[in-house]
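# Observations on the three-dimensional arrangement
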Amino acid sequence: MSLPLNAASKSGLNASPVVELRQYTLKPGRRDTLIDIFDGHLIEGQEAAGMTIIGQFRDLGRPDMFVWLRGFDGMVARKNALTAFYEGPVWAAWRDAANATMISSDDVLLLKRAWPGAGFDLSGARRAALPGHEKPSRDNRLSDIVVIKIHHLRPGAEAGFASRFETDAIPVLAAHGARLLAAFVSEHAENSFLRLPVRSGENVFISVTAFGSADAHESVEAALAAAPAWQALQSGLARPTETLRLSPTSRSLLGR
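Worth saying up front: this structure is predicted, and the values here are computed from it rather than measured. (Residues numbered from 1 in each chain as written. Predicted model: local features only at pLDDT ≥ 70, side-chain atom pairs only at ≥ 80, totals over all residues. Heavy atoms only, no water.)

### Thoughts on the nonpolar core
- In terms of nonpolar packing, the biggest core is built from 26 residues, with Leu21, Leu69, Phe120, Ile148, Ile206, Val208 and Leu254 touching the most fellow members.
- Sort the elements by how many residues they give to this core and strand 9 (residues 204-213) lands first, with 4 residues. (Core = buried A, V, L, I, M, F, W, Y, C linked by side-chain atoms within 4.5 Å. Buried < 20%, exposed > 50% of the residue type's maximum accessible area, 1.4 Å probe, protein only. Helix = DSSP H or I, 4+ residues; strand = E, 2+ residues; numbered from the N terminus.)

As structure tokens, then:
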């Protein structure tokens, strides 16, 4: 279920002050196998350990990429939840099958809310009950997509970029019917679970936006590209922005 960011701000029900954005490179043709394992066997076990599985996706531009978001109540809670899950029976039962689909699982950004109220509001979201397995044909369905933009910033620029994003980008998104779901910046706290590495030394601003169709996304991109304030904001980046165009799996809380 997709929820507007302003609803999150008004309700104060912001899920997960600490979030991981995880991008997995998979062996060719193995993405649907991993999704079957993940959606069918790994969600409830992680949430029972104390984390929130926010969204999991097929990357529409990269057929062998699996992208997902999970959240925690804080860095100590993250350590406790990950320890409980990765030392528990669910992961022991499925780790070999899951790991057999992967080339790399180390592309992980550790994030925190960009401003108060900028986290996900999941208060009205409902996860599809099992069985809810996806069919490969969904890869070709360019509707109900979630777009994650990773803006690479110079050190110390997170607060200023977030403020200007609120002023210059959110009105354009709203005017074109896009739904800003959340916004994050880098969490620079020390990794509290060393068994799972994260990308250190990153300074990013990340927006998560829902679109009703690929055409709607292209319309917003064109509008932003034509906005002088947005062009000025992009000019100060440390390197080009990454854009992830994502299709949610059947049990994702986002984009359904």
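### Overview of the pattern of salt bridges
- Overall, the coordinates contain 12 salt bridges when judged by the stated rule.
- A salt bridge links Glu221 to Lys149, with the shortest nitrogen-to-oxygen separation between them at 2.9 Å. One end of the pair, Glu221, is in helix 7 (residues 214-225); the other, Lys149, is in strand 7 (residues 143-152), and 72 residues separate them in sequence.
- Among the residues examined, Glu221 registers a relative accessible area of 26% and is labelled partly exposed.
- What makes Lys149 buried here is its relative accessible area of 12%.
- Taking the shortest distance from any N to any O, the salt bridge between Glu202 and Arg199 comes out at 3.2 Å.
- Of the residues examined, Glu202 reaches a relative accessible area of 14% and is grouped as buried.
- If you follow the salt bridges from partner to partner, you end up with Glu20, Arg22, Arg70 and Arg78 in one network. (Salt bridge = Lys/Arg side-chain N within 4 Å of Asp/Glu carboxyl O.)

### Observations concerning the side chain of Glu158
- By the element assignment, Glu158 lies in helix 5 (residues 158-168).
- No salt bridge is formed by the buried Glu158, whose closest oppositely charged neighbour, Lys112, lies at an N-O distance of 7.4 Å.
- If we skip the residues at most four places from it in the chain, Glu158 touches Leu153, Val185, Ser186, His188, Asn203 and Val204. (Lys, Arg positive; Asp, Glu negative; His and termini not counted. Contact = heavy atoms within 4.5 Å.)

### Notes on the packing of aromatic side chains
- Enumeration according to the criterion identifies 13 aromatic pairs in this entry.
- Ring geometry for Tyr86 versus Trp91: centroids 5.3 Å apart, planes at 80°, classification edge-to-face.
- Relative accessible area serves as the criterion here: at 13%, Trp91 is assigned to the buried category.
- A network of ring pairs unites the aromatic residues Trp115, Phe161, Phe165, Phe205 and Trp230 as a single cluster.
- The lysine or arginine in question, Arg78, covers the ring of Phe72, its NZ or CZ lying 6.0 Å from the ring centre. (Phe/Tyr/Trp six-rings, centres within 6.5 Å; stacked < 30°, edge-to-face > 60°. Lys NZ or Arg CZ within 6 Å of the ring centre and 35° of its normal.)

### Looking at the environment of Ala227
- Looking at the secondary structure, you find Ala227 in the loop between helix 7 and helix 8 (228-235).
- A relative accessible area of 17% means that Ala227 is categorised as buried.
- As for Ala227 and Ala169, which are separated by 58 residues in sequence, their C-alpha atoms are 9.0 Å apart.

### A closer look at the confidence of the model for the protein
- Confidence in the prediction of the protein, expressed as mean pLDDT, is 88, and 89% of residues score 70 or more.
- Every residue in residues 1-13 is under pLDDT 50, and counting partners more than four places away or in other chains gives 38 contacts.
- Low pLDDT, under 50, characterises residues 132-143; the predicted model gives this stretch 28 contacts beyond four residues in sequence or across chains. (pLDDT = per-residue confidence, 0-100.)

### Description of the packing of helix 5 against helix 8
- Look at helix 5 against helix 8: their axes get within 10 Å of each other, and the N-to-C directions meet at 165°. Compared by their axis directions, helix 5 and helix 8 come out roughly antiparallel. As for how helix 5 packs across helix 8, the hand of that crossing is left-handed. Across the interface between the two elements, Phe161, Arg164, Phe165 and Asp168 of helix 5 pack against Ala229, Trp230, Ala232, Leu233 and Gln234 of helix 8.
- Partitioned by chemical class, the residues of the contact of helix 5 with helix 8 number 6 nonpolar, 1 polar and 2 charged. (Axes fitted to C-alpha atoms, helices over the stretch in contact; angles between N-to-C directions. Parallel < 35°, antiparallel > 145°, perpendicular 65-115°, else oblique. Left-handed = near helix turned anticlockwise from the far one by under 90°. Nonpolar A, V, L, I, M, F, W, Y, C, P; charged D, E, K, R; others polar.)

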